[in-house]
Amino acid sequence: MDRSAQPAKPEELAKVYHEVAERAAKVLGEFAHKHPQLGAVSDELGIAKAYMDLYGRMLADPMALAAASMSMWLDYAQLWQSSWLKLLGQDVKPVATPTKGDARFRDDEWSDNFLFDFIKQSYLIASRHIQHAVSNVEGLPEASEKKVAFFTRQYVDALAPSNFVMTNPQVLRETLSSGGQNLVKGLNNLLADIEKGDGQLRISMTDETAFKLGKNVATTPGKVVFQTDLMQLIQFDPGTEQVYRRPLLIIPPWINKYYILDLRETNSFI
C-alpha cells in the first residue's frame with residue numbers, strides 16, 4: 001500500500017460521489033425500464049422447492065437438529081473463553097482455522113488483532129456448522145441435495161467478513177488511507193460492468209482496450225470457410241512452403257476462449 005498517498009479533499013470526494021450516484025441511478029433506471037418482467041417471482045431452478053424439501057427433512061428429525069445446535073453453541077462457548085484468554089495475553093489455540101489455501105484471511109491482522117480474529121473464527125464456526133447440518137440431512141432427493149449443497153455454500157461464502165469493508169482489516173486500512181477512493185473506484189468498475197451488460201452484470205475479465213485484432217491477438221492469417229449457429233470453421237493460411245496432406249483440426253474447449261491459441265507470432269499455437 002502506498003503510504004505517501006494523500007486522502008482526497010472532502011469537496012473532491014463529494015463531487016465523485018455525486019457523479020457515481022447519477023451514473024448508478026441512470027443504469028438502474030434503464031435496466032428497470034428494459035426488464036419490467038423481473039419484478040415477478042420465479043423459481044425456474046427449483047431452489048425454493050429444494051430448500052422446502054430440506055426444511056421438511058430437518059423438522060422430521062428434531063433430535064438431530066437439536067444436536068447440531070448444541071454442537072455449534074459449544075464451539076461458540078469455547079471461542080468466547082479462548083478469546084478472553086487471548087485478550088488477557090495468554091497464548092491459546094484457535095477454535096476454528098481457515099482451510100489450507102483460503103486466501104480470504106491471509107492478512108496478519110486476521111490473527112494478530114483480537115477483534116478481527118474473533119470475527120474470523122465466529123464466521124468459520126457458523127460456516128462449518130451450517131454446511132455440516134445441510135450435508136447430514138438424510139432422505140433428500142438427489143437433485144435437491146445437490147442444489148442445497150451448492151447454494152448454501154454460495155450463501156455462506158457471500159457472508160464472509162472479508163467481503164465487507166468494516167470487517168476486513170486490509171480493505172479498512174486502504175479505505176482510511178485513501179479517503180474512500182478505493183470504494184469509489186470499485187463502484188465505478190461495478191457500474192461499468194453493468195453498463196457493458198446492458199443492465200446485467202458482465203464482469204470484465206481483462207482490459208479490452210489492450211488488444212487490437214491482428215496486432216496482438218488473432219495475428220495468423222486465415223478465413224472462415226464454414227459456419228453454423230453453433231460454430232465457425234477457420235482455415236489458416238500455411239506459414240511454410242510445405243505442409244502435411246492431412247490438416248490439423250483444433251477443437252478448443254467450449255468453456256475456454258479460442259483467442260488464447262493465437263495471440264502473437266511469438267506465442268501462437270496456430
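Coordinates for the structure precede this section.
Bear in mind that the values here come from a model prediction, so they are computed numbers and not experimental data.

### Description of the layout of surface pockets
- By volume, the largest pocket amounts to about 1300 Å³.
- Contributing to the lining of the largest pocket are 35 residues, with I234, F236, L248, I250 and I270 lying nearest its centre.
- Sort the elements by how many residues they give to the lining of the largest pocket and strand β2 (residues 232-236) lands first, with five residues.
- Residue classes in the lining of the largest pocket are distributed as 21 nonpolar, eight polar and six charged.
- Empty space within the second largest pocket amounts to approximately 440 Å³.

### A few points about the packing of helix α5 (residues 114-135) against helix α6 (residues 142-158)
- Put simply, α5 and α6 touch, their axes get as near as 10 Å, and they point 170° apart. Classed by the angle they form, the pair α5 and α6 counts as roughly antiparallel. When α5 is examined against α6, the residues Y123, S127, I130, Q131 and V134 are found in contact with a partner set consisting of V148, T152, R153, V156 and D157.
- The residue makeup of the contact of α5 with α6, split by class, is five nonpolar, three polar and two charged.

### Side note on the packing of aromatic side chains
- Here the structure, examined in full by the defined rule, presents six aromatic pairs.
- Between Y51 and Y55, the ring centres sit 6.2 Å apart and the planes meet at 45°, which makes this aromatic pair tilted. Of this pair, Y51 and Y55 both sit in helix α2 (residues 47-59), separated by four residues, roughly a single helical turn.
- You can call Y51 buried: its relative accessible area is 16%.
- By relative accessible area, Y55 is classed as partly exposed at 44%.
- Where F105 meets Y123, the ring centres are 6.2 Å apart and the plane angle is 45°; that geometry is what we call tilted. With a gap of 18 residues between them, F105 in the loop between α3 (62-87) and α4 (109-112) and Y123 in helix α5 connect regions that are remote in the sequence.
- Note on Y123: relative accessible area 11%, which makes it buried.
- Each residue in the set F105, W110, F116 and Y123 is aromatic and connected to the rest through ring pairs, giving one cluster.

Reading the values: rules and limits
Residues numbered from 1 in each chain as written. Predicted model: local features only at pLDDT ≥ 70, side-chain atom pairs only at ≥ 80, totals over all residues. Heavy atoms only, no water. 1 Å grid on protein atoms, 1.4 Å probe; cavity = no way out; pocket = protein on both sides within 12 Å on 5 of 7 lines; lining within 4 Å. Points joined across faces, edges and corners; volume = space filled by probe spheres on them. Helix = DSSP H or I, 4+ residues; strand = E, 2+ residues; numbered from the N terminus. Nonpolar A, V, L, I, M, F, W, Y, C, P; charged D, E, K, R; others polar. Axes fitted to C-alpha atoms, helices over the stretch in contact; angles between N-to-C directions. Parallel < 35°, antiparallel > 145°, perpendicular 65-115°, else oblique. Contact = heavy atoms within 4.5 Å. Phe/Tyr/Trp six-rings, centres within 6.5 Å; stacked < 30°, edge-to-face > 60°. Buried < 20%, exposed > 50% of the residue type's maximum accessible area, 1.4 Å probe, protein only.

In short, the description is geometric, and any link to function would need to be established separately.
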